[in-house]
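Commentary on secondary and tertiary structure
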Amino acid sequence: MVYQLTLAATLTFVGYTFAHADPNGHSDITKRFSGSWFHPREHPAYDLFGRADVFPAIGTPEWKAGFPPPLISTLTADQYTPLANLKPAWKAALEAAVKAGKIPNVPQTTNGTYPQGTNANDKSVCSAVNKVCRIDGDIWEGPDGTFASSFDDGPTPATPTLLKFLTDNKVTTTHFLIGTAILNNVEPFKQIVAGSNDLAVHTWTHRAMTSLTNEQVAGELGWTMQLIYNSTSGKLPKYWRPPTGDTDARVSAIAREVFGLKTVIWNQDTEDWQISTKGQTFALALSNLTSFIDTHPKSPNGLIVLEHELDNNTVGVFMQGYPDIAAKGWKFASLATAFGGVYNSDASLFGGTSAASGASSTSGTTSPTKTGSATHAAPISTFTCFSAVLAAMVFLLVT
């Protein structure tokens, strides 16, 4: 009797392990990620990306195929066509959102300036650049008492240094990733995916988003999401941050209504991105960071400090300032985890309900405009059920 029970349990365990094994060289990603940065599998945004189950390994020619060229950022706006060559599902979702009146008709900027007669601070335009108008639902402040950590512009050659520091200190962060940087820095990106940090969108080419057409905005977001989706066994990020904070009512609406993305800005800026290029120094950037940590009130809102993983200088500013965060009584958390919570079970990771998923849905992350009603059952269900049935059959046979 003990033998039969042991055999049945073993077969069930084997089936469960097989169900969790990743066939795409992604190192069991689902078990590793917290679930805070990506949508549950029933989210309608997945309908726009094919709901695939098999993905090419990161860095292979198959993985790189089909994306806009990495050097497209060198092109002028009138040459900027590949990004606007949207996948049919993206184009249909964008057109549906426009037709439904969900995308405000805000004029494009030129060199950061709206056409004459347009009030950038009016609620109908609501440019984030001036830090005057805030779009309802966008994230600007951290939760009470929390240093909500994130880094822009990765991956870069400095990314491994940042990751090692985070790992050594047993903390995580949110990486706002540039699509072209992923293609150009494959090994650092592999390290991000192999870790426990959170992934988010920082556009495909780091352009001024308000200067782009609706189709170009959708391309900047969609192609970056597609690459992250392909690289993480089918996970779609919830959050995006506009380069230089350049968004408005139109751009944020496209992110929200087409792709289900929540816009993230910040309430403090170390200006580390200007080190060595625009007169900023390491010492001044570090001084800015420590000043925010020391003087920013912990309530009613916490800190979101704009930081970058551009190079060893920008990463070094964070590393030197980090001990002061806990010393001053701040709770350090990855931004996506701070706002999205952590899923509590494998069922939640595959689209089950949890307190975290409920909280995130009420905090402003909305479903995109749907163009279909496809549903998707996670592969684990099939494999696990099969293994359980097989184990039961063997048990009955041997008894």
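Only a predicted model underlies this, so the values are computations on that prediction, with no experimental measurement involved.

1. Concerning the state of the cysteines
Tallied over the full model, the rule gives one disulfide. With a sulfur-sulfur separation of 2.0 Å, Cys-126 is cross-linked through a disulfide to Cys-133. One disulfide, between Cys-126 and Cys-133, carries an S-S torsion of -100 degrees and so falls in the left-handed class.

2. Some points on the nonpolar core
Grouped together as the largest cluster of nonpolar side chains are 61 residues, with contacts concentrated most on Leu-221 and Phe-259. Tallying contributions element by element places helix H8 (residues 214-231) first for this core, with eight residues. In this structure Leu-221 touches Val-201, Met-209, Trp-240, Ala-255, Phe-259 and Leu-261, once residues within four positions along its chain are discounted. Core analysis: the second largest hydrophobic core is formed by 22 residues, Ala-158, Leu-162, Ile-275 and Tyr-322 among them.

3. Thoughts on helix H11 (residues 312-327)
In this model H11 runs 24 Å from its N-terminal to its C-terminal C-alpha over 16 residues, within 8% of the 22 Å that 1.5 Å per residue would give. Of the positions making up H11, those classed as buried are Thr-314, Val-315, Gly-316, Val-317, Phe-318, Gly-321, Tyr-322, Asp-324 and Ile-325. Here the buried face of H11 lies against strand S1 (146-154), helix H5 (159-168), helix H10 (282-295) and strand S8 (331-334). The N-terminus of H11 is capped by Asp-311, whose side-chain oxygen sits 2.9 Å from the backbone nitrogen of Asn-313. Downstream of H11 by a residue or two, Gly-329 has a phi angle that is positive, lying close to 90 degrees.

4. Describing the packing of helix H4 (residues 88-99) against H8
Angle between the axes and distance between the axes: these two values describe a pair of packed helices. Where H4 meets H8, the closest approach of the two axes is 11 Å, and the angle between their N-to-C directions is 135 degrees. Classified by the angle their axes make, H4 and H8 are oblique. Between H4 and H8 lies a crossing whose hand is right-handed. Contacts from Trp-90, Leu-94 and Val-98 in H4 reach Asn-214, Glu-215, Ala-218, Gly-222, Trp-223 and Gln-226 in H8.

5. Thoughts on the pairing of strand S2 (residues 174-177)
On S2, burial covers both faces: Thr-174 and Phe-176 on one face and His-175 and Leu-177 on the other are all buried. Relative to S2, S1 runs parallel, the two being bridged by four bridges. Of the residues in S2, the one forming a bridge with Asp-152 is Phe-176. Bridge count between S2 and strand S3 (residues 198-201): four bridges; the pairing is parallel. The residue bridging Leu-177 from the neighbouring strand is Val-201, located in S3.

6. Let's talk about the confidence of the model for the protein chain
Across the protein chain, the average pLDDT comes to 81, with 73% of residues at or above 70. Long-range and interchain partners of residues 27-32, a stretch whose pLDDT sits below 50, account for 19 contacts in this model, where long-range means more than four residues apart. Low pLDDT (under 50) marks residues 342-366, which in the prediction has 49 contacts with non-local residues, meaning those over four places away or in another chain.

7. Considerations on the pattern of salt bridges
Here the structure, examined in full by the defined rule, presents 10 salt bridges. Where Lys-91 meets Glu-95, a salt bridge forms, and the shortest distance between an N and an O atom there is 3.4 Å. Of the two residues, Lys-91 and Glu-95 both sit in helix H4, four residues apart, roughly one turn of that helix. Judged by relative accessible area, which is 40%, Lys-91 ranks as partly exposed. Between Glu-257 and Arg-256 there is a salt bridge; the shortest N-O distance is 3.2 Å. The buried category is assigned to Glu-257, whose relative accessible area is 12%. A cluster of three or more residues bridged by salt bridges with shared partners is formed by Lys-102, Arg-256 and Glu-257.

Rules of the game
- Along each chain, the written sequence defines residue order, and numbers are assigned to residues from 1.
- Local features in this predicted model are restricted to residues whose pLDDT is 70 or higher, and side-chain atom pairs enter the listing and the counts only when it is 80 or higher, whereas totals over whole chains, interfaces and linings include all residues.
- For side-chain calculations, the full set of non-hydrogen atoms in the structure is used, while hydrogens and water are omitted.
- Cysteine sulfurs are considered disulfide-paired once they come within 2.5 Å of each other.
- Definition of nonpolar core: a set of buried residues of the types Ala, Val, Leu, Ile, Met, Phe, Trp, Tyr and Cys, connected through side-chain atoms within 4.5 Å.
- The classification of residues rests on relative accessible area computed with a 1.4 Å probe and restricted to protein chains. Under 20% of the type maximum is buried, over 50% is exposed, and intermediate values are partly exposed.
- Helix numbering and strand numbering both begin at the N terminus, where a helix is a DSSP run of H or I of at least 4 residues and a strand a DSSP run of E of at least 2.
- Residue contacts follow a heavy-atom distance rule, with two residues in contact if any of their heavy atoms lie within 4.5 Å.
- For a helix, the expected span equals 1.5 Å multiplied by the number of residues minus one.
- A 3.5 Å cut-off defines polar contacts: any pair of N or O atoms within that distance qualifies, except that in protein one atom must be a possible hydrogen donor and the other a possible acceptor, and neighbouring residues in sequence count only when both atoms are side-chain atoms.
- Lines fitted to the C-alpha atoms define the axes, with helices restricted to the stretch that makes contact. Angles between their N-to-C directions range from 0 to 180 degrees.
- Just so you know how the angles are binned, under 35 degrees is roughly parallel, over 145 roughly antiparallel, 65 to 115 roughly perpendicular, and the rest oblique.
- Handedness of a helix crossing follows the sense of rotation of the near helix relative to the far helix, less than a right angle counterclockwise being left-handed and clockwise being right-handed.
- The rule for pairing is simple: two strands pair if DSSP sees at least two bridges between them.
- As a per-residue measure, pLDDT tells how confident the predictor is, with possible values from 0 to 100.
- The salt bridge criterion pairs a side-chain nitrogen of Lys or Arg with a carboxyl oxygen of Asp or Glu, the two atoms within 4 Å.

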